[in-house]
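Here are the chains, one letter per residue:
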Amino acid sequence: YNDIYDHKGFGVKLQAGNDNSIDNNTIYDNHGVGVEFAGNTNRNGIYGNVLHDLAWDGVLLNGASDTQVAANVIIRTNQEWPDFESNPPDGNHNLGGIVLLGTTNIEISDNRITAASAGAGNRADAAGVYLHNNTLPITIETNLIQSSTGHGIYMSTSGAKAVIHG
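Along each chain, the written sequence defines residue order, and numbers are assigned to residues from 1. Since the coordinates come from a predicted model, pLDDT governs what is reported: local features require at least 70, and pairs of side-chain atoms require 80 or more to be given and counted, while whole-chain, interface and lining totals use all residues. To obtain the side-chain values, all non-hydrogen atoms of the structure were used and water was disregarded.

### Examining the environment of Leu-100
Labels follow the DSSP assignment, with helices taken as runs of H or I lasting at least four residues and strands as runs of E lasting at least two, numbered in each case from the N terminus. Here Leu-100 is to be found in strand 13 (residues 96–101). C-alpha of Leu-100 to C-alpha of Leu-61: the two residues are 39 residues apart in sequence and 5.0 Å apart in space. Setting aside residues no more than four positions away along its own chain, Leu-100 makes contact with Leu-61, Ile-106, Ile-108, Tyr-130, Leu-131, His-132, Asn-134 and Ile-138. Note on definitions: a residue-residue contact is assigned when non-hydrogen atoms from the two residues lie within 4.5 Å.

This is the structure in structure tokens:
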């Protein structure tokens, strides 16, 4: 149980690694993403965290596989367009509450996502859950997604098929 806050970067960033669990933390007021898994990350989980008031995305999985994102509360993400040095985000950041980019076998369940992408100048297609260039299976179920500036769930033209049910 950690309080992770007021960083110029991300709350938690896993560049590579398997079988990790990020759970029951409070992550807030960071100038980047709340939790990001990038690169070769497999069989990881993000469970029961409270992520709020983040400059960029709540949870970002970029290239991850066999990962579960469950029972998190994600509130007021994507609050700023530039980072703390006034640089705009690259194409992989500032897309939504939960973002999946190039992932395989991901489950997003029982999360509460509110007020994603509320920052001025944010991307028009940002969303509570944002999907791009993923490989099945992607399961999105029993989440509460509300009050996003863009979309509830957004799948780009190369977003891949997802199972979305309540």
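### Concerning the sheet that holds strand 19 (residues 151–155)
Two strands form a pair only when DSSP identifies at least two bridges running between them. As summarised here, the arrangement of the six strands in space is 2-6-10-13-16-19, forming an open sheet in which the pairing is parallel. Each end of this open sheet is capped by a strand with a single partner; those strands are strand 2 (12–14) and strand 19. Neighbouring strand axes in the sheet, compared pairwise and without regard to direction, differ in orientation by 5 degrees on average. Relative to strand 10 (residues 59–62), strand 6 (residues 35–38) is paired through four bridges, and the arrangement is parallel. All axes are obtained by fitting lines to C-alpha atoms, using only the stretch in contact for helices, and the reported angles, taken between N-to-C directions, cover 0 to 180 degrees.

### What to know about the sheet that holds strand 9 (residues 50–52)
Within a sheet, neighbouring strands are paired by backbone hydrogen bonds and run either parallel or antiparallel to one another. Sheet architecture is open: six strands sit in the order 1-5-9-12-15-18, paired in parallel fashion. Pairing within the sheet leaves two strands with one partner each, and these edge strands are strand 1 (3–5) and strand 18 (144–146). With strand direction ignored, the average angle separating the axes of adjacent strands in the sheet is 5 degrees. Across three bridges, strand 15 (residues 112–114) lies against strand 18 in parallel orientation. Bridge assignment links Thr-114 to a residue of strand 18, and that residue is Gln-146.

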